Every structure is written in structure tokens, then in C-alpha cells.
Amino acid sequence: MSGKATAVAGANIAFTKYWGRRDAALNTPLNPSLGLTLDNLLTTTTVEFRDDLPEDTLVIGGEPQGGKPLERVARVLDAVRDRSDEVRRARVVSENTFAAATGLASSASAFAALVRAAFGALGEELSTEELSTYARLGSGSAARSVPGGFVEWTTGKTHEESRAWSLHGPDHWDLRDVALVVSGTEKKVGSADGHGLANTSPFNDTRIRTVEAILPRVRQAIADRDLTTLGELMEHDALLMHGVMMTSTPSLLYWTPATVEGIHLVRQWREEGIPAYFTIDAGPNLHVFCEGRHADEVARRAREEMDLREDQVLVGGPGEGARLVGDHLF
Ligand code: PMV
């Protein structure tokens, strides 16, 4: 056993969002969520368990990490070690194909890749669902980045129950995510802290009830490849979530003027006959979902009308789940 493995995982963008935790230690969500694992916003991570390390170490994008990022990774590795009767510490090196902490779901792909690589390094073959429970410990949405394609993550009361699975593989539907990176700066309040504020909004209970009520329709719209229904419900829930964020104490306002401009433009494109719908995570950037045949036009119009550079408009499609690869980062 070499004790070393490398995994790749894609971001998973939610159609119905996870916002607010049932159990903060377990990262179990207040509501189930549905999302798409992407093939373009990727994290690659190499994990090596070694006898000579007193502590876990972490390097992201060439920068050695300490403090909270390292603590989060070490906590997940502790759970992996417990499951595998392992005592060695690990060296972890990770690279993203996109800027971290901009609301482009870097923690989702990061923890999915981490647990896939960590169990791979220990020679453990977990089911995708069980693997998703370990990714969830690092970042809730990471549970959804473990399976490929169109994914559901259930609430669950225990660590074992709160797991994610694939509803449909990546080939089910040629849906595209046109990510509009209107800002590349790091956000002030990340989702890890933001979840703790959800309950302070008077709208939170209403949102949770609403998401639970629309979930069967979202599932059906995905099964039917019905973009109109999926898109309308997706926008509705994104706005509900940002309503909760804005009305929390303290208030979280992730939008910038460019976010609002993007919302108006997507609605205008629809009026002009381009079926495209937005969603927004815990950041200012937009994800515009459309079918493959409209992706070039959406990307072109976003560049022209929002004055965005090539590298600010990232087009992705349905991707595979977290998987092991042969090329190590060290
Ligand atoms: O997994 P976290 O803690 O980064 O939270 C993700 C929160 C949202 O991106 C806003 C919604 C989601 O379901 O991905």
C-alpha cells in the first residue's frame, strides 16, 4: 500500500439550495437539496499518509495553509482515520481550476476530492453514498459533489443518513451552467458561518417549508428535462435563500450591482426567446442554466452586455462524480 492517491471532483451547483444546518457538528442540512455536478469547475487533490508527519499539512494552489482551512481538513481526515483504523497524518496538496471563495462552490469540489483521495490512499472502497457522508463533514454541499450528474442530498438525522446519490447520470440531459464571475474577490462571510445565521431570519421557516413542497416538482422537471419548470423553481429558491440571507442578523448581502444587472439581463434574454435561468450561491456570481444549444449565445451575450472577459464566463456541463486519477500533484 503506497498510502498515496489523487482524486478529481467537480463543483455541484444547487437548483434548490442548502442554507441552514440541522446539526452544526455534522453539517446536516435543514432541507434536502438537488444540484448538478459540473465537468469544468474542478479540484484535484493528492493525499499521502506518512509515518514521519507530526500533523496533517495542507497546500492549496501552491500556498501552505494553516488556521481554519487546515483545521477543517484535519477534522475530515480524523473521521477518515477513525473509519479506517489509521493513525498516520497526511500531506494534502490541492489545486482548483477556478478561484476559491468566490461563490463558485470551491468547498464542494474540494472536500469531495479530499475524501475520495484519502480513502483511496488507504485502499478503502466506500460506496458513493457513504463517501458523500464524509465529504459532508467538511462542507455540506460537498456531499453533492461526490456522485456525478444530477444529484439529491437528503437531510437525515444522523451522520450515516445524511447522504447524496445520483438521480440521473451526466448523459441524462445536455444542461449547461454558464458561470458569470462578476467578482473574483474573497467574500467576507463564507457559507460555513452564514449557515449559522439562517435561523435568525423571520423568513427561514417559510423558505424551508417552500423548498420541501417544491422538491418533488424539481425532481420531476429534471426527469422530464423540463427547463421551464426547473428554471422557474430554481430562480424562486435562489431568491428565497438570498431573502433569508439579507434578513438575517447580521444581514448578509452577497450581491453587487453586477449581480443585479445579471438578473435583469437573464430575464431580458428570456423575453427575447432564449430559455435561460439564474441561480446564485453565497457570493455575487451568477450561474445561468440553459440547454447546450443556447450556451454559446448566453456566454457571448454575457461577455458583451456585462463587459466580462473570456475568463469570467465559464461554461460547464454535467460531470462525473469524484474519481481517482493516476497523476499525483507531488
Ligand atoms: O457547503 P457550504 O457550507 O459551502 O454551503 C453551500 C451553500 C450554497 O452554495 C449557498 C448552497 C448550496 O446548496 O450549494
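Data block above holds the structure.
To start, this report covers the structure provided alongside it.

1. Examining the pattern of salt bridges
In step 1: Taken as a whole, this structure holds 21 salt bridges when the rule is applied.
In step 2: One salt bridge in this structure joins Glu291 and Arg293, with 2.8 Å as the shortest N-O distance.
In step 3: For Glu291, a relative accessible area of 17% translates into the label buried.
In step 4: Accessibility expressed as a relative area gives 65% for Arg293, which makes it exposed.
In step 5: Note that Glu305 is salt-bridged to Arg301, the shortest N-O span being 2.6 Å. Highlighted residues: Glu305 and Arg301, both in helix H9 (residues 292–306), separated by four residues, approximately one helical turn.
In step 6: Exposure remark for Glu305: the relative accessible area of 29% places this residue in the partly exposed category.

2. Notes on the environment of Thr37
In step 1: Along the chain, the position of Thr37 falls in strand S4 (residues 33–50).
In step 2: In this structure Thr37 comes out as buried when scored by relative accessible area, which is 0%.
In step 3: In this structure the C-alpha to C-alpha distance between Thr37 and Leu53, which are 16 residues apart in sequence, comes to 34 Å.
In step 4: Of note is the side chain of Thr37, whose polar atom sits 3.0 Å from the side chain of Asn12.

3. Observations concerning the environment of Ser132
In step 1: Here Ser132 lies in helix H3 (residues 128–138).
In step 2: Residue class for Ser132 comes out buried when judged on its relative accessible area of 0%.
In step 3: Considered as a pair, Ser132 and Ser162 are 30 residues apart in the sequence and their alpha carbons are 8.5 Å apart.
In step 4: When sequence neighbours within four positions are dropped, the list of residues in contact with Ser132 reads Ala143, Val146, Arg163 and Ala164.
In step 5: For Ser132, the side chain forms a polar contact with the main-chain nitrogen of Ala164, separated by 2.9 Å.

4. Notes on the site of the ligand
In step 1: Around the ligand, 13 residues are found, and the nearest of them are Tyr18, Ser139, Ser141, Arg144 and Ser191.
In step 2: When isolated, the ligand has an accessible area of 380 Å², and the protein chains bury 94% of it.
In step 3: Split by residue class, the shell around the ligand holds four nonpolar, six polar and three charged.

5. Digging into unusual backbone geometry
In step 1: Geometrically, the link from Thr249 to Pro250 is a cis peptide bond, its omega value of -5 degrees lying close to zero.
In step 2: Considering the arrangement of structural elements, one finds Pro250 in the loop between helix H7 (227–246) and helix H8 (257–271).
In step 3: Of note, Asp85 is a non-glycine position whose phi angle comes to about 50 degrees, a positive value.
In step 4: Here Asp85 is to be found in the loop between helix H1 (67–84) and strand S7 (89–96).
In step 5: With a phi angle near 50 degrees, Arg225 is a residue other than glycine that sits in the positive phi range.
In step 6: Summarising the element assignment, Arg225 is placed in the loop between helix H6 (204–224) and H7.
In step 7: The class of Arg225 is partly exposed, set by a relative accessible area of 44%.

What counts, and at which threshold
What you see as residue numbers is a count from 1 along each chain, following the sequence as written. Residue-level local features of this predicted model are given only where pLDDT is at least 70; pairs of side-chain atoms are given and counted only at 80 or more, and the full residue set underlies all totals for whole chains, interfaces and linings. Each side-chain value is worked out from all heavy atoms of the structure, with water and hydrogens disregarded. In what follows, salt bridge is the name for a side-chain nitrogen of Lys or Arg lying within 4 Å of a carboxyl oxygen of Asp or Glu. Each residue is assigned to one of three classes by its accessible area relative to the maximum for its type, calculated with a 1.4 Å probe on protein chains only: buried under 20%, partly exposed between the two thresholds, exposed over 50%. Where helices and strands are cited, they refer to DSSP runs of H or I of at least four residues and of E of at least two residues respectively, numbered from the N terminus. We call two N or O atoms a polar contact when they sit within 3.5 Å, provided that within protein one can donate a hydrogen and the other can accept it, with sequence-adjacent residues counted only if both atoms are side-chain atoms. In what follows, residue pairs with any heavy atoms lying within 4.5 Å of each other are defined as contacts. Any residue with a heavy atom lying within 4 Å of a molecule or strand is counted as near it. A 1.4 Å probe and the Shrake-Rupley method give the accessible areas. Residues count as covered only by the protein chains that appear here. Three categories are distinguished: nonpolar for Ala, Val, Leu, Ile, Met, Phe, Trp, Tyr, Cys and Pro, charged for Asp, Glu, Lys and Arg, and polar for the others, with Gly belonging to the last.

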